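Listed below, chain by chain, are the residues.
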Amino acid sequence: MKQFVSSIFFLIFLSQLSFSQIEYYGGLEGKKLDWVMYYLNEFYADSTDNAYLTDVAINSIMAELDPYSVYQTAAELEEMNKADEGFSPESYGFAYYSIGDTTIVVYLNQDGPAEKAGLRNSDRVLRVNGVDVTGGNYTKIEEFTSDQSLEDIVLLVKQPREKERTLTIKKDLVPLKSLDAAYMSNKYTGYIKIGRFTTKTVEEFTKKIDPMISLGMANLIIDLRGNYGGVMDAAVELADLFLLEDKLISYKEGFNLERHDFLATANQPYRGINLSILIDENTMSAAELFASALQDWDRALILGRESFGKGLIQQAYSLEDGSAVRLTIGKYFTPAGRYLQRSKEDAKIIETYLEEDQIAFSVDQNVPDYMRYETSNGRGIIAASGGIIPDIYVNDLIPNTESYNQLNNEGILYAFTNSYLLTSITELKNTYTDPVSLQQDLVFDKQLETLLGNYIVSEINRRGLDQSMIPRIVEKDIVTQVKAWIAGHIFEEDAYYYVSMTNDLTLNRAIGAFADGTFRSINIFGF
């Protein structure tokens, strides 16, 4: 009995000694968590998975904070860092599609392993690592490409009317391009779609815009629709290219973060270019910072729909095992002092003041006075508690036809595209020299309508699908989508966007604004 009491007193003494002598970065709260883990190890009735319990505890803490503060495993942190640097995880960098007994290459990641090895769109895949993958053996391709133990694969491929080629493709990191598309929309207007902001955004951007300027580009449209953000510094650097020296781009501050101003330094190398920016409800974070800076300085016309409204700053702090906690540490503000973070209750404010399907100047709407702001130069704009309200609101949320959705969901449209390419790729390449010639060929549209109509009927019958899916006529949105896939396949990814956006309301309104006096009427200038 005495020995038992002595042991208890010794443990109490040891606990008090440990509590008093050990310093904890997390203070008393951190000490409490540490002792919980100690007691589990020493006294709990069963064995415990402490690594799992630690992850649960950290995730529970993060869940009590804002939606953007999260716990990241070492693998998740590494993948995010690679994405910020402009890379997606290791792969071979190509996609394929099987039609009947033939498998063709339908997509190559630009500058990826497969493209560097010499693989080309429309290549027929005949063998992988010496195994025949024609006929019913096409499933073998997936087995080889998904085998994590393999570092490379050997393909035997063939283009129509060409000799067979043997290629060795080594698995590697695949470049994750910041720019999705860049081309001249017309003689004087360039179009650049930025899909995400990475550390390579400005480098990619300047490589694309400089040749456009040499071709006589006077107007530029930057499309940020669907851009979820990314590296904030990249957005600041890009805004720097369009603003005069010492102009405020943005500033950040928080409870534990002193105010820091981001100022332009490049003295506007692209001075004189008229600029429009397209946004929507999926334009977020870094993309909003860029657009709001140019809106506040009257440097760009903003068109589209209200942006998402994410103005919180996250920073990853590493833990000893390579994992990290990604914490919100501050807030971003526009040059005019607007806070970009939006509450869920304030979503889509301007839509309540607009008629359905309307294209209108937001400033002309009958909105409350609290929504009226002035830019740094005194131009009137409409703003809410977070996000960006465009200068010109374009309600282009016109849904695809029911026929399109049904056929696309069943994969029938993409199946037709690849079936058509399988037999017609050589003729298409000989007929069309560039995306413009393909896009403007309305006779080809009529041919596609007829071929699509026949194929749809055949496939629905073959698959035993509901006969109501057979459209009375093949709608324009179906033809445009298939034509865009064809363009992207025989030319490049830019061609896909060039054709698919033929009837894009927001893009067409932006192009029209350069010529109809819109910039002068609301005092937006290219300097």
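Residues numbered from 1 in each chain as written. Predicted model: local features only at pLDDT ≥ 70, side-chain atom pairs only at ≥ 80, totals over all residues. Heavy atoms only, no water.

A. Structural view of the overall build of the chain. Each helix and strand counted, the chain has 17 helices and 22 strands in total. Each principal axis of the C-alpha distribution contributes one length, and for the chain these read about 100 × 70 × 45 Å. Looking at the chain residue by residue over its 527 residues, the buried ones come to 45%. For the chain, contacts bridging at least 24 residues in sequence account for 68% of all contacts bridging at least 6. Put simply, the chain shows about 27100 Å² of open surface, and 52% of that area lies on carbon and sulfur atoms. Charge centroids of the chain, computed over 47 positive and 76 negative side chains, lie 5 Å from each other. (Helix = DSSP H or I, 4+ residues; strand = E, 2+ residues; numbered from the N terminus. Buried < 20%, exposed > 50% of the residue type's maximum accessible area, 1.4 Å probe, protein only. Contact = heavy atoms within 4.5 Å. Areas by Shrake-Rupley, 256 points an atom, 1.4 Å probe, with all protein chains shown as cover. Lys, Arg positive; Asp, Glu negative; His and termini not counted. Charge placed at Lys NZ, Arg CZ, Asp CG, Glu CD.)

B. Quick look at the environment of L413. With respect to the helices and strands, L413 occurs in helix 11 (residues 412–431). Expressed as a C-alpha distance, the spacing of L413 and N267, which sit 146 residues apart in the sequence, is 49 Å.

C. Structural context of helix 7 (residues 201–214). With 14 residues, helix 7 should cover 20 Å at 1.5 Å per step; its first-to-last C-alpha distance of 21 Å lies within 8% of that length. Of all the positions in helix 7, only T201, V202, E204, F205, I209 and M212 are classed as buried. Within helix 7, the buried residues cover an arc of 155° as seen down the axis, which keeps them to one side. Those residues of helix 7 that are exposed and angled more than 90 degrees off the buried face are K207 and S214. Tucked inside the fold, the buried residues of helix 7 contact strand 10 (179–184), strand 11 (189–194), strand 12 (219–223) and helix 8 (232–240). (Expected span 1.5 Å × (residues − 1). Arc of directions from axis to C-beta.)

D. Fine view of the sheet that holds strand 22 (residues 392–394). A sheet is described by the order of its strands in space; here seven strands give the open sequence 10-11-12-15-16-22-19, paired in mixed fashion. Sheet topology places strand 10 and strand 19 (359–361) at the edges, where each strand pairs with a single neighbour. Neighbour-to-neighbour, the strand axes of this sheet turn through a mean angle of 20°, independent of strand direction. Contacting strand 10, strand 11 and strand 12, helix 7 runs over the sheet at an angle of about 10° to strand 10. Relative to the sheet, helix 16 (residues 505–513) contacts strand 11, strand 12, strand 15 (274–279), strand 16 (301–304), strand 19 and strand 22, its axis offset from that of strand 16 by approximately 150°. (Pairing = 2+ DSSP bridges. Axes fitted to C-alpha atoms, helices over the stretch in contact; angles between N-to-C directions.)

E. Quick peek at a negative patch on the surface. A surface patch of negative charge is lined by E90, E151, D152 and D172. Position of E90 relative to the elements: it lies in strand 2 (residues 87–91). On the basis of relative accessible area, E90 is assigned to the partly exposed category, the value being 47%. (Patch = residues over 30% accessible without salt bridge, like charges linked within 9 Å, V, L, I, M, F, W, Y side chains within 5 Å. Salt bridge = Lys/Arg side-chain N within 4 Å of Asp/Glu carboxyl O.)

F. Broad picture of the packing of helix 11 against helix 14 (residues 476–490). Look at helix 11 against helix 14: their axes get within 10 Å of each other, and the N-to-C directions meet at 50°. Taken together, the axes of helix 11 and helix 14 are oblique relative to one another. Every pair of crossing elements has a handedness; the one defined by helix 11 and helix 14 is right-handed. Contacts between helix 11 and helix 14 involve L413, Y414, F416, T417, Y420, L421, I425, L428 and K429 from the former and I478, V482, W485, I486, H489 and I490 from the latter. (Parallel < 35°, antiparallel > 145°, perpendicular 65-115°, else oblique. Left-handed = near helix turned anticlockwise from the far one by under 90°.)

G. Region of interest: the packing of helix 13 (residues 442–463) against helix 14. As a packed pair, helix 13 and helix 14 sit with axes 10 Å apart at the nearest point and diverge in direction by 105°. Taken together, the axis directions place helix 13 and helix 14 in an arrangement best described as roughly perpendicular. Within the contact between the two elements, helix 13 uses F444, D445, L448, E449 and L452 and helix 14 uses I478, V479, V482, K483 and I486. Grouping the constituent residues of the contact of helix 13 with helix 14 by class yields seven nonpolar, no polar and three charged. (Nonpolar A, V, L, I, M, F, W, Y, C, P; charged D, E, K, R; others polar.)

H. Region of the structure containing the pairing of strand 14 (residues 257–263). Here five bridges tie strand 13 (residues 248–254) to strand 14, and the two strands are oriented antiparallel to one another. Note on strand 14: the bridge partner recorded for G254 is L257. The antiparallel hairpin formed by strand 13 and strand 14 contains two residues in its connecting segment.

I. Examining the nonpolar core more closely. Of all hydrophobic cores here, the largest spans 49 residues; its most connected members are L301, L407, L428, F444, L452 and I486. Contact partners of L407, with chain neighbours within four places excluded, come to I412, L413, I456, I460, M469, P471 and I478. Core analysis: the next-biggest nonpolar cluster, separate from the first, contains 48 residues, F197, I222, A234 and I313 among them. (Core = buried A, V, L, I, M, F, W, Y, C linked by side-chain atoms within 4.5 Å.)

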